[in-house]
Amino acid sequence: MSFVEGAHKAFASVMRAHSFGMVSRLVFVVELVDEATGELGLLRGSCPGDMPVWSELGLHRYAVADIEALGTASRVAGREED
């Protein structure tokens, strides 16, 4: 089992345990830190692994739009962002 398949399986299990439904597609971005140098890097992936890049990009953009909407709603309501 590849890392991406394992991540998809683990994430789907957590979502199911919290009654969030079935995970049909997964995209992720993970910030990594090199232990030796402290240099930052990104690991991104998708499941299924053969997901077209435009579909992956669309899912990332959808997530960003959701986060931006929450931030805007917090500012309008006069609350501090979490």
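Please read these numbers as outputs of a predicted model, since none were measured by experiment.

## A few points about the layout of surface pockets
It is the rolling of a water-molecule-sized probe over the atoms that shows where space remains empty.
Reasoning step 1: Space inside the largest pocket adds up to approximately 220 Å³.
Reasoning step 2: Every residue along the wall of the largest pocket is listed here: Arg25, Leu26, Val27, Phe28, Val29, Leu59, His60, Tyr62, Ala63, Asp66, Ile67 and Leu70.
Reasoning step 3: For the lining of the largest pocket, the secondary-structure elements that each account for two or more residues are β1 (26-33) and α2 (53-77).
Reasoning step 4: Take the lining of the largest pocket: its biggest share by element is 7 residues, from α2.

## Considering helix α1 (residues 3-17)
Reasoning step 1: Under the 1.5 Å per step criterion, the end-to-end length of α1 is 21 Å for 15 residues, consistent within 8% with the ideal 21 Å.
Reasoning step 2: Looking one or two residues beyond α1, the residue adopting positive phi is Ser19, at roughly 60°.

## Focus on the environment of Lys9
Reasoning step 1: With respect to the helices and strands, Lys9 occurs in helix α1.
Reasoning step 2: Considered as a pair, Lys9 and Leu26 are 17 residues apart in the sequence and their alpha carbons are 9.9 Å apart.

## Topic: the pairing of β1
It is a general feature of regular strands that their side chains alternate between the two faces of the sheet.
Reasoning step 1: Bridge count for β1 against strand β2 (residues 40-47) is 8 bridges, and the pairing is antiparallel. Its bridge partner being in β2, Phe28 is matched across the sheet by Gly45.
Reasoning step 2: Connecting the antiparallel pair β1 and β2 is a turn made up of 6 residues, with Gly38 showing a positive phi of about 80°.

## Brief notes about unusual backbone geometry
Reasoning step 1: Following Cys47, the chain continues to Pro48 via a peptide bond in cis, the omega torsion being 10°.
Reasoning step 2: Checked against the element boundaries, Pro48 lands in the loop between β2 and α2.
Reasoning step 3: Located in the positive-phi region is Ser19, a residue other than glycine, with phi close to 60°.
Reasoning step 4: In this fold, Ser19 is placed in the loop between α1 and β1.
Reasoning step 5: Its relative accessible area of 67% is what places Ser19 among the exposed residues.

## Overview of α2
What sets the pattern is the α-helix's 3.6 residues per turn: residues three or four places apart point alike.
Reasoning step 1: The end-to-end C-alpha separation of α2 is 36 Å, in line with the 36 Å expected for 25 residues at 1.5 Å each.
Reasoning step 2: Where α2 is buried, its residues meet β1 and β2.
Reasoning step 3: A positive backbone phi angle near 80° is found at Gly78, which sits one or two residues after α2.

Rules of the game
Residues numbered from 1 in each chain as written. Predicted model: local features only at pLDDT ≥ 70, side-chain atom pairs only at ≥ 80, totals over all residues. Heavy atoms only, no water. 1 Å grid on protein atoms, 1.4 Å probe; cavity = no way out; pocket = protein on both sides within 12 Å on 5 of 7 lines; lining within 4 Å. Points joined across faces, edges and corners; volume = space filled by probe spheres on them. Helix = DSSP H or I, 4+ residues; strand = E, 2+ residues; numbered from the N terminus. Expected span 1.5 Å × (residues − 1). Pairing = 2+ DSSP bridges. Buried < 20%, exposed > 50% of the residue type's maximum accessible area, 1.4 Å probe, protein only. Contact = heavy atoms within 4.5 Å.

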